[in-house]
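Architecture at a glance
Each chain, letter by letter, is given below.
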Amino acid sequence: MSSDTSTADIINVPTDFAQAYVFDLDGTIYLGDQLLPGAKRMIEELRRRRIPVRFLSNNPTKDPEQYVEKLAKLGLPTDIEDICNTVVTTTRWLKENHPDAKLFPVAEEPLKRALRKAGFTLTDDPSEIDIVIASYDRTFDYHKLQVAFDAMWFYKRAFLIQTNPDHFCPFPGGRGEPDCAAVVAAIEACTQMKSQVNLGKPSPIMLAEALQGLDVEVSRCVMVGDRLQTDIQMALDTGMGSACVLTGEATPDDIRGLDDAHHPTYVLDRVDQLIPASAWRELGWTEDND
Ligand SMILES: [Mg+2]
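Note that the structure is predicted; figures quoted are calculated from it, not measured. (Residues numbered from 1 in each chain as written. Predicted model: local features only at pLDDT ≥ 70, side-chain atom pairs only at ≥ 80, totals over all residues.)

In terms of nonpolar packing, the biggest core is built from 73 residues, with Val-22, Val-132 and Val-224 touching the most fellow members. Residue-level mapping places this core at the junction of two domains, with at least three residues from each of domain 1 (8-58 + 201-283) and domain 2 (88-198). Once residues within four sequence positions are removed from consideration, Val-132 is found in contact with Phe-104, Val-106, Ala-148, Ala-151, Met-152, Ala-158, Leu-160 and Ile-187. (Core = buried A, V, L, I, M, F, W, Y, C linked by C-beta atoms within 7 Å. Buried ≥ 20, exposed ≤ 12 C-beta atoms within 10 Å, placed from the backbone. Domains from an automatic or database assignment. Contact = placed C-beta atoms within 7 Å.)

Let us look at the packing of helix H5 (residues 142-154) against helix H6 (residues 180-191). At a minimum axis separation of 10 Å, H5 and H6 run at an interaxial angle of 45°. Regarding the angle of H5 to H6, the classification is oblique. Crossing angle aside, the handedness with which H5 passes H6 is right-handed. For the pair H5 and H6, contact is made by Leu-145, Ala-148, Phe-149, Met-152 and Trp-153 and by Ala-186, Ile-187, Cys-190 and Thr-191, respectively. When its residues are assigned to classes, the contact of H5 with H6 shows eight nonpolar, one polar and no charged. (Axes fitted to C-alpha atoms, helices over the stretch in contact; angles between N-to-C directions. Helix = DSSP H or I, 4+ residues; strand = E, 2+ residues; numbered from the N terminus. Parallel < 35°, antiparallel > 145°, perpendicular 65-115°, else oblique. Left-handed = near helix turned anticlockwise from the far one by under 90°. Nonpolar A, V, L, I, M, F, W, Y, C, P; charged D, E, K, R; others polar.)

Let us look at the domain arrangement of the protein chain. According to the domain assignment, the protein chain consists of domain 1 (8-58 + 201-283) and domain 2 (88-198). Its C-alpha centre places domain 1 at a distance of 29 Å from the equivalent point of domain 2. Listed as interface residues are six residues of domain 1 and, on the opposing side, eight residues of domain 2. Of the residues assigned to the side of domain 1 that touches domain 2, the class counts are two nonpolar, three polar and one charged.

Okay, the sheet that holds strand E14 (residues 241-245) next. As summarised here, the arrangement of the six strands in space is E5-E4-E1-E13-E14-E15, forming an open sheet in which the pairing is parallel. The open sheet is flanked by strand E5 (83-85) and strand E15 (266-268), the only strands paired with a single partner. Sheet twist, expressed as the mean angle between neighbouring strand axes with direction ignored, is 20°. Note that strand E4 (residues 53-57) and E5 share three bridges and pair parallel. From the neighbouring strand, Ser-57 faces E5, where its bridge partner is Asn-85. (Pairing = 2+ DSSP bridges.)

Taken together, the five strands give an open sheet; going across it, the order is E7-E6-E8-E9-E12, and neighbouring strands pair in parallel fashion. The open sheet terminates on both sides in strands that have one partner only, identified here as strand E7 (121-122) and strand E12 (197-198). With four bridges connecting them, strand E8 (residues 131-134) and strand E9 (residues 159-162) associate as parallel partners. Within the sheet, the bridge partner assigned to Ala-134 lies in E9 and is Gln-162. Taken strand by strand, helix H4 (residues 109-117) contacts strand E6 (102-106) and E7, and its axis lies near 165° from that of E6.

Structure follows, in structure tokens:
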């Protein structure tokens, strides 16, 4: 495998397979509406070897089914059990920790739908709400803020959790949309009460939920992503291996600037470098025939 000369000093590829892989999606598997080089054959090869693969996303405005559809359209058919976005992590965490709570999700339909399906009661009666869930909600308005405020501050009953910590959601072309952090900030500002739990990256809760049901050792799994502060930090915090791909946000200079404590286990300039070089040779892969 040859590396781009400009990254040769930082590239560090694995020589063995991990027990399971957890992938970020945007910037790692695809960019916008295109699969990144080598992503398809890499996932297919892992599946052929029966190595579990999970896909993560912090976005709670999509049903897991929408990721299944998107991946299938891109040529990578995927089971719904392999998708773990913050709709999934939030629903599972509540089910495990507060199964009888009455909820007020400041959220769009996909999260509300999943919570109802899991058997939760959703209410906007502030005298009944146990947990306010802040999320990436493009229908957020003053009424929702008032309900959250009354439930937490006036009735002193509810506490606040959040689906993800992102400040904004980036779009191709440089624009973006205010994300969950803006909704959290509004609720925290008026109630003077802090969000208690974050169910998205970089919270270790997300990784634990993603690996649920797999008989694997966390330290022998690898989290693969393009963002140092979320994908890689989460792996470091849980003792999981980490691989940073230079196909999204992190730049070669970001990697060069890291101290040892924040350095990912592996640095790849294409995601199929997760497949060890010995297997590339057996498979007859080159960087030109992905
Ligand atoms: Mg990403």
